[in-house]
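In case you want the letters, here they are:
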Amino acid sequence: MAHTAVSASAPAAVAPISLSALAPWAAFAAVLSLVLLYFVGIEQGATAVFQGETVHEWLHDGRHLLGFPCH
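Please read all numbers here as calculations on a predicted model, not as lab measurements.

Calculation criteria
Residues numbered from 1 in each chain as written. Predicted model: local features only at pLDDT ≥ 70, side-chain atom pairs only at ≥ 80, totals over all residues. Heavy atoms only, no water. Helix = DSSP H or I, 4+ residues; strand = E, 2+ residues; numbered from the N terminus. Buried < 20%, exposed > 50% of the residue type's maximum accessible area, 1.4 Å probe, protein only. Areas by Shrake-Rupley, 256 points an atom, 1.4 Å probe, with all protein chains shown as cover. Contact = heavy atoms within 4.5 Å. Polar contact = N/O pair within 3.5 Å; in protein donor to acceptor, adjacent residues only side chain to side chain. pLDDT = per-residue confidence, 0-100. Patch = residues over 30% accessible without salt bridge, like charges linked within 9 Å, V, L, I, M, F, W, Y side chains within 5 Å. Salt bridge = Lys/Arg side-chain N within 4 Å of Asp/Glu carboxyl O.

A. Focus on the overall build of the chain. Counting its regular elements, the chain contains three helices and zero strands. Shown N-terminal to C-terminal, the secondary structure of the chain runs as helices and strands in the order α-α-α. Counting across all 71 residues of the chain, residues that qualify as buried make up 11%. Carbon and sulfur atoms form 72% of the exposed surface of the chain, whose accessible area is close to 6200 Å².

What follows is the structure, given as structure tokens:
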């Protein structure tokens, strides 16, 4: 006779995630998002962190996809 993998007992309760445990991950995601937004949208011209067009060329298609003008 075949046995099923699902037990007949009640499912285990899942503990809620506390805000104090979530806060560092939310802060990390916010900082990472701002850094990515800077490099895709602003890294060019007078505010450039890196000299030259290297970063601009790497992210060129992403700029247009997200609606940032660059020409």
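B. Layout of the side chain of arginine 63. Looking at the secondary structure, you find arginine 63 in helix 3 (residues 60–65). Judged by its relative accessible area of 0%, arginine 63 is buried. Setting aside anything within four residues of it in sequence, one finds arginine 63 in contact with Phe39, Val40, Gly41, Glu43, Gln44, His56, Phe68 and Cys70.

C. Region of interest: the environment of serine 18. For serine 18, the location among the structural elements is in the segment before helix 1 (19–41). Among the residues examined, serine 18 registers a relative accessible area of 36% and is labelled partly exposed. One polar contact links serine 18 to serine 20, side chain to side chain, over a distance of 3.2 Å.

D. Structural detail: the confidence of the model for the chain. For the chain, mean pLDDT is 80; residues scoring 70 or higher make up 83% of the total. By mean pLDDT, helix 2 (residues 54–58) is the weakest element of the chain at 78, and helix 1 is the strongest at 90.

E. Inspection of a nonpolar patch on the surface at higher detail. On the surface, Ile17, Leu19, Leu22, Trp25, Phe28, Leu32 and Leu36 cluster together into a nonpolar patch covering about 840 Å² of accessible area. Relative to the helices and strands, leucine 36 resides in helix 1.

F. Up close: the environment of phenylalanine 68. Structurally, phenylalanine 68 can be placed in the segment after helix 3. On the accessibility criterion, phenylalanine 68 (25% relative accessible area) is partly exposed. The sequence separation of phenylalanine 68 and valine 40 amounts to 28 residues, and the corresponding C-alpha distance is 8.2 Å. Discounting residues that sit within four places of it in the chain, phenylalanine 68 has contacts with Leu37, Val40, Gly41 and Arg63.

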